[in-house]
Amino acid sequence: MTNLAILIAALLVILSIVSSKLSGRLGIPGLLLFLIIGMVAGSEGPGGIDFSDYSITQFVGIIALVFILYSGGLDTHWKETKPILRRGIVLATFGVLVTTAIAGYAAMILFQIPLLHALLMGAVVASTDASAVFSVLKERALDLKGSIKPLLEFESGSNDPMAVFLTIGLIELIKHPEHPWYSIIPEFIQEMAIGGIMGLVLGRFAVLLFNRTNLMFDGLYSVLSLGIALLVYGLTAVAGGSGFLAVYLAAIVIGNSEFIHKKSVIQFHDGISWLMSIGMFLILGLLVFPSQLLSVAVPALILSLVLMFVARPISVYLSTLFSKMPWNEKHMVSWVGLRGAVPITLATFPLLAGVEHSQTIFNAAFFIVLSSIMVQGTSLPMVARWLKVGSKAAPGSHMPLDYTPTGHNKNDLSEVVIPPNSPIHGLRLVDAHLPVEALVVLIFRDGDYVIPRGSTELKSGDILQILGSKVAIEQVKEMLKPAN
């Protein structure tokens with residue numbers, strides 16, 4: 001039985017990975033295909049796999065979210081995030097609260113359930129999902145303008161604690177109606193404060209651990225990073241704080257610091273993040289019973305439309321009311337309100353707590369996630385072009401050379417693109433007079449690699465791989481810019 005389970009799991013993961021290439025050609029998010037594969041393999045599909053364990057789903061969902069948030073934090077650039085920090089915090093807290101209220105009121109009318117149960121449904125589906133946002137943005141290769149991308153990434157990475165708090169808080173109020181609603185506020189303050197402090201402190205500790213632990217094998221640094229992610233979550237949760245917030249903040253601190261094997265560790269976690277997303281959506285697909293969705297299809301579809309066109313836009317516009325963010329960027333942020341694995345994971349909380357109407361909440365959450373990925377995830381490139389806020393990102397050059405920093409913040413290996421109308425276009429490398437501390441080690445041109453020599457002619461569109469000090473590399477970027 002164990003061998004068969006391993007075989008089935010391997011086949012499902014490989015099939016999901018292969019299908020991700022098909023998703024690009026069809027113009028649909030890979031997450032949607034992962035869900036469909038899970039549903040086809042489930043008890044009501046041809047696969048016939050009988051799976052209905054909500055406790056395992058919740059456990060796997062929490063672990064998956066930890067690594068997805070950790071990977072997202074490692075890729076978060078503080079210089080890009082700092083200008084949108086206030087907006088991001090407001091959107092991740094106040095925005096989730098507004099979405100919960102609007103969605104909850106709509107759910108009360110649509111599903112004819114008590115107000116607290118309806119608000120619980122609203123809280124379950126209120127947050128944008130990190131796994132959905134991170135994976136869809138990477139998969140669609142969207143180059144979003146202005147502050148859209150850092151705001152979306154920060155919001156999706158930091159709004160889960162608010163959704164988790166509201167979900168657990170509302171469950172407590174439903175099970176203990178004698179408690180006043182404001183009794184959960186001190187717990188929220190405690191979770192956010194402890195989570196924030198421990199995330200920042202443990203992030204600094206992790207950087208020191210990376211640089212001062214002289215491990216015998218390079219591969220152990222990635223394993224060490226796995227342990228750090230779990231340690232940050234577990235230690236913070238045991239201390240009464242938000243483990244999700246701590247993991248994300250710790251990863252931001254780590255990702256914006258210099259440490260040994262940084263690039264390989266980040267690449268490792270990118271793969272782990274994809275594995276967690278695939279595994280989570282496969283499990284969610286296995287868990288759902290399509291026949292049960294029919295009973296909630298109409299009200300859930302209407303609630304999904306309310307989230308897309310009413311709750312999400314209002315929460316974004318109120319959260320950015322006093323910012324100078326252009327209207328088209330606000331529209332784009334409001335449209336990228338993707339729901340993913342988090343709402344379905346949160347929907348297992350009322351099921352395990354034995355809350356009335358919990359099965360309805362779970363089925364509605366699944367339907368909302370499905371429709372969100374289908375509609376919003378598929379239409380992102382089109383909406384970005386319509387709002388004039390994005391374009392197709394340039395494909396990666398796949399440079400074969402790698403560089404492992406020592407952790408002393410001296411040198412870096414960076415890729416720089418020569419833009420159109422650059423003043424060095426047509427010049428020989430020796431005549432470009434690049435900084436002495438910036439060594440061009442490789443050039444990527446027209447799908448091939450060029451070994452640079454002093455006589456090599458530089459052309460617009462060339463991707464230069466440069467080894468040197470960070471100051472020198474920034475000087476090169478300035479030299480390449482077209483003259484005004």
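Look a little higher up for the structure.
Residues numbered from 1 in each chain as written. Predicted model: local features only at pLDDT ≥ 70, side-chain atom pairs only at ≥ 80, totals over all residues. Heavy atoms only, no water.

A. Inspection of the side chain of Ser334 at higher detail. With respect to the element layout, Ser334 can be found in helix α16 (residues 327-335). On the basis of relative accessible area, Ser334 is assigned to the buried category, the value being 6%. A polar contact is formed between the side chain of Ser334 and the backbone oxygen of His331, at a distance of 2.6 Å. With near-sequence residues (within four places) excluded, Ser334 lies in contact with Arg312, Pro313, Val316, Tyr317 and Gln376. (Helix = DSSP H or I, 4+ residues; strand = E, 2+ residues; numbered from the N terminus. Buried < 20%, exposed > 50% of the residue type's maximum accessible area, 1.4 Å probe, protein only. Polar contact = N/O pair within 3.5 Å; in protein donor to acceptor, adjacent residues only side chain to side chain. Contact = heavy atoms within 4.5 Å.)

B. The pattern of salt bridges, seen in detail. Under the counting rule described, the total for this entry stands at 6 salt bridges. Between Glu155 and Arg312 there is a salt bridge whose closest N-O contact spans 2.6 Å. In this pair, Glu155 is assigned in helix α8 (residues 148-158) and Arg312 in helix α15 (residues 297-319), connecting sequence segments 157 residues apart. The exposure class of Arg312 is buried, given its relative accessible area of 3%. (Salt bridge = Lys/Arg side-chain N within 4 Å of Asp/Glu carboxyl O.)

C. Up close: the packing of aromatic side chains. In the structure shown here, the tally under the stated rule is 7 aromatic pairs. Plain terms: the ring middles of Phe165 and Phe188 are 4.7 Å apart, the flat faces sit at 45° to each other, and that makes the pair tilted. Separated by 23 residues along the polypeptide, Phe165 in helix α9 (residues 160-175) and Phe188 in helix α10 (residues 185-212) bring together distant segments of the chain. Residue class for Phe165 comes out buried when judged on its relative accessible area of 7%. Residue class for Phe188 comes out buried when judged on its relative accessible area of 19%. With centroids separated by 5.6 Å and ring planes inclined at 45°, the aromatic side chains of Phe309 and Trp335 adopt a geometry described as tilted. Separated by 26 residues along the polypeptide, Phe309 in helix α15 and Trp335 in helix α16 bring together distant segments of the chain. Taking relative accessible area as the criterion, Phe309 reaches 53% and is therefore assigned exposed. The exposure class of Trp335 is buried, given its relative accessible area of 12%. (Phe/Tyr/Trp six-rings, centres within 6.5 Å; stacked < 30°, edge-to-face > 60°.)

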